Amino acid sequence: MGSRIVQILGSIGYESYWELHFSIEGRRYGPYKLVASALVEHLRENGKDCSVTLLLPESLVTDLAGTLEEAEELLRDKEKLAREAERRLRDLDLVRTDFEVRVLQGVGNYPLRRDSKTTVEFVNYIDNVSSYALIGMTEAFDRDEELYFCTSTGHNAYLLALQMALATYYAYREFIRQSAEGSGRLDLYTVYHPKPTVGRTTPVEVERTSHRAFFSFPQPRKELIADRPDESIDLRRELSELMGPMQGERSRAQLAFNAVRFNVPLLLTYLDPPDGEKVLRSLREALERIERKKRISKDGDVLRVSRIRVLRSEVSAWVIIAGLSAYLSRVVRSVRATGGRIGALLGTVKRFYEEQDLHLNGYVLEHEIEQIRERAACLRPGERKPLSEVLQLKGSANMRRNFFAHAGLLAEWTLVRRLEDCEIALEYDGSNLETIKKWVQNPVA
């Protein structure tokens, strides 16, 4: 745990970077080739444990390979490509601090050598670069408390892809933080500087970046890939096997989310916690299977790497669902622990409502609980009655409307019990539980 600096490499050649002095918060560092090195020194001076991740676009294989055959060998083995880049960077002493190299997918056309007509072509999409970067973050960065994204190197396409991925990752981490009751916070910073001039100190700006994690449930489609029928029929069949468990967890999380959003807290005592890690495991496997379908072919002087297009919006939606599931798991476990006791139920649920700015839900629930507590005072210890008897109500003219209007405590379907310690507990009539779940799962049907 600690701070992590992330920078996209624009080249692996030492001569491609200038020796520069950098100024960060009034302090001068260098000379360094990369701003990441200066930032490491600055953060460590401030007592922060710091690590560096250099992102290597596949397109930089042209800095590592002398022939198309060598380039193909590296592009078929991502780990080997990363190791070769790391070895070259250490030999050049480019970074001057400890670091790791992680590979980004490539996009575009690049000459293998300046004096040659041979080229490496990546038939790929920004959606893919961003999606695979995002899912990699959920494995590599989840223990980091701070992320510093250096934007001074790397092609515009890669910078855009990373910025999109980081926005989603930040929202995901916000739900993970809430799931751990405050721990696991992520602070995200963008690091940038103007075009440097040799011989002059380059001022560096470090700006804290915020992205809002809205309490809103994504609605992903059933597909992760764009329509390419000629290439993806078999792949779609494989992916459908993985989508089944993902859809199951999505449905479980949606029900818990709706119970919170539409103020039906008693239902949470009957639900199983959703499993966000299960969603991520299946999503990672799905993306790995898509990646295995990439084609590497030679066409004369061109080495072509072709990939099936991934739908970034769908991948992002599933990552957010994974984060929400982790948070909703905490909600379900906490509410189930109340056993339906109205005092504990109200206190527990109001805390979650406050976290998500659902204050009106808390007011409505508190009003319902106060009425029940007042009218149930006549019950003897161990006695249980329908809420309709306790409140002396007649049947509902519109049961579905009254169900949501009264925080899910429909008088005909809710039972009130006085416990031996004189506390009041609520439960649903089991014969109506499935109908309640259907209503909450789809309130407007």
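Right above here is the structure, for reference.
Residues numbered from 1 in each chain as written. Predicted model: local features only at pLDDT ≥ 70, side-chain atom pairs only at ≥ 80, totals over all residues. Heavy atoms only, no water.

**Some remarks on the sheet that holds strand β7 (residues 119-123)**
Moving on, step 1. Pairing is mixed across the open sheet formed by four strands, whose spatial order is β6-β7-β12-β11. Both outer strands of the open sheet, β6 (108-111) and β11 (295-299), are each paired with one neighbouring strand and no more. With direction set aside, neighbouring strand axes in the sheet form an average angle of 15°.
Moving on, step 2. In the sheet, β7 pairs with strand β12 (residues 302-306) via five bridges, with the strands oriented parallel. Note that in β12 the partner of V123 across the bridge is S306. (Pairing = 2+ DSSP bridges. Helix = DSSP H or I, 4+ residues; strand = E, 2+ residues; numbered from the N terminus. Axes fitted to C-alpha atoms, helices over the stretch in contact; angles between N-to-C directions.)

**Points about the sheet that holds strand β10 (residues 202-209)**
One key point about sheets: their strands pair by backbone hydrogen bonds, in either a parallel or an antiparallel sense.
Moving on, step 1. Overall, mixed pairing links the eight strands, which are arranged β3-β2-β10-β9-β8-β1-β4-β5 in an open sheet. One side of each edge strand has no neighbouring strand; the edge strands of this open sheet are β3 (27-32) and β5 (100-104). Pairwise comparison of adjacent strand axes, ignoring direction, gives a mean angle of 25° for this sheet.
Moving on, step 2. Both strand β9 (residues 187-192) and β10 contribute to a ladder of five bridges, which runs antiparallel. Bridge assignment links Y192 to a residue of β10, and that residue is E205.
Moving on, step 3. Its contacts with the sheet place helix α1 (residues 35-45) against β1 (3-8), β2 (20-24), β3, β4 (50-57), β8 (146-150), β9 and β10, and it is angled at close to 140° to β3.
Moving on, step 4. Sheet contacts for helix α5 (residues 156-179): β1, β4, β5, β8, β9 and β10; angle to β8, the most-contacted strand, approximately 165°. (Contact = heavy atoms within 4.5 Å.)

**Observations regarding the environment of L393**
Moving on, step 1. By secondary structure assignment, the location of L393 is in the loop between α11 (387-390) and α12 (399-405).
Moving on, step 2. Spatially, the C-alpha atom of L393 lies 27 Å from that of A445, the residues being 52 residues apart in sequence.
Moving on, step 3. In this view, L393 contacts S388 and A411; residues no more than four positions away in its chain are not counted.

**Some remarks on the packing of helix α4 (residues 126-140) against α5**
Moving on, step 1. Close contact between α4 and α5 brings their axes to 8 Å; oriented N to C, the two are set at 40°. Relative to α5, the element α4 lies oblique. α5 is crossed by α4, and the crossing has right-handed handedness. Facing I126, V129, S130, A133, L134, M137 and T138 of α4, the residues of α5 in contact are A157, Y158, A161, L162, M164, A165, L166, T168, Y169 and Y172.
Moving on, step 2. The residue makeup of the contact of α4 with α5, split by class, is 14 nonpolar, three polar and no charged. (Parallel < 35°, antiparallel > 145°, perpendicular 65-115°, else oblique. Left-handed = near helix turned anticlockwise from the far one by under 90°. Nonpolar A, V, L, I, M, F, W, Y, C, P; charged D, E, K, R; others polar.)

**Section: the packing of aromatic side chains**
Moving on, step 1. Within the structure shown, the criterion is met by 11 aromatic pairs.
Moving on, step 2. Where Y327 meets F352, the ring centres are 6.2 Å apart and the plane angle is 85°; that geometry is what we call edge-to-face. With Y327 in helix α8 (residues 312-336) and F352 in helix α9 (residues 342-355), the pair connects residues that are 25 residues apart, well separated along the chain. Each of the two residues, Y327 as well as F352, counts as buried.
Moving on, step 3. With a centroid separation of 5.5 Å and an interplanar angle of 70°, the aromatic rings of F403 and W439 are classed as edge-to-face. Of this pair, F403 sits in helix α12 while W439 is found in helix α13 (residues 433-441), placing the two residues 36 residues apart along the sequence. Here the two residues F403 and W439 agree in accessibility, since each one is buried.
Moving on, step 4. Here the aromatic residues F215, F217, F257, Y327 and F352 are joined through ring pairs into a cluster of three or more. (Phe/Tyr/Trp six-rings, centres within 6.5 Å; stacked < 30°, edge-to-face > 60°. Buried < 20%, exposed > 50% of the residue type's maximum accessible area, 1.4 Å probe, protein only.)

**Considerations on the pairing of β4**
Moving on, step 1. Burial runs high along β4: seven of the eight residues are buried.
Moving on, step 2. Sheet topology note: the β4/β5 ladder contains five bridges and is parallel. Paired with P57 across the two strands is L104, which belongs to β5.

**A few points about unusual backbone geometry**
Moving on, step 1. Here the residue pair G30 and P31 is connected by a cis peptide bond, since its omega of 5° sits within 30 degrees of zero.
Moving on, step 2. Relative to the helices and strands, P31 resides in strand β3.
Moving on, step 3. With a phi angle near 50°, E25 is a residue other than glycine that sits in the positive phi range.
Moving on, step 4. One can find E25 in the loop between β2 and β3.
Moving on, step 5. For D93, which is not glycine, the phi dihedral falls at a positive 55°.

**Section: the state of the cysteines**
Moving on, step 1. All chains considered together, the criterion is met by zero disulfides.
Moving on, step 2. The closest cysteine sulfur to the non-disulfide-bonded C150 is located on C50, 9.3 Å from its own sulfur.
Moving on, step 3. Looking at C150, the relative accessible area reads 0%, which means it is buried.
Moving on, step 4. As a non-bridged cysteine, C422 has C378 as the owner of its nearest cysteine sulfur, 13 Å distant. (Disulfide = S-S within 2.5 Å.)

**A look at the environment of V302**
Moving on, step 1. Note that V302 resides in strand β12.
Moving on, step 2. Each C-alpha atom, one on V302 and one on V120, is 5.8 Å from the other, the two residues being 182 residues apart in sequence.

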